Amino acid sequence: MRSLASIVLGFESIVLALVTPVMISVADVRPAVAVPVCLGLAVLAILAAGLLRYQLGYVLGSVVQVGAVGLGFVVSVMFVLGAAFAAFWVAAIVLGRRIEEAKKSHEQLGGV
């Protein structure tokens, strides 16, 4: 579960960093606002990826998802990208848990 979630957060941090110039040039947001918001979310995503061995990492990752979707109020395409990453985030958690459960049951049955 941790590896899938960290991949999602890693790619999302890149997208969030790239939204910064879009907010400045297309949405006419002041750089003093766009840089801390977008790069702050990107750094938070990286921090969350590093903390995924703890429950706090998943909480921070979920906060990043809410923030990414919330950027859609400024740059409308972020509604789509934020929703896509939120869906990837949920899928990573759900599929990751299923994979971990399958591994545990396989080990209990004596498999290698």
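Everything here concerns the structure above.
Please read all numbers here as calculations on a predicted model, not as lab measurements.

1. A few points about the packing of aromatic side chains
Summed over all chains, the structure comprises 3 aromatic pairs. For the pair Tyr-58 and Trp-89, a centre-to-centre distance of 6.1 Å together with 40° between the ring planes defines the contact as tilted. One end of the pair, Tyr-58, is in helix H3 (residues 55-70); the other, Trp-89, is in helix H4 (residues 77-108), with 31 residues separating them in the sequence. Pair check on accessibility: Tyr-58 and Trp-89 agree, each one buried. Judged by centre distance (5.1 Å) and plane angle (80°), the rings of Phe-73 and Phe-79 are edge-to-face. Residue classification places Phe-79 among the partly exposed residues on the basis of a relative accessible area of 34%.

2. Re the environment of Ala-102
Secondary-structure assignment places Ala-102 in helix H4. Owing to a relative accessible area of 44%, Ala-102 belongs among the partly exposed residues under this scheme. Sequence separation between Ala-102 and Val-43 is 59 residues; the distance between their C-alpha atoms is 33 Å.

Thresholds applied
- Residues numbered from 1 in each chain as written.
- Predicted model: local features only at pLDDT ≥ 70, side-chain atom pairs only at ≥ 80, totals over all residues.
- Heavy atoms only, no water.
- Phe/Tyr/Trp six-rings, centres within 6.5 Å; stacked < 30°, edge-to-face > 60°.
- Helix = DSSP H or I, 4+ residues; strand = E, 2+ residues; numbered from the N terminus.
- Buried < 20%, exposed > 50% of the residue type's maximum accessible area, 1.4 Å probe, protein only.

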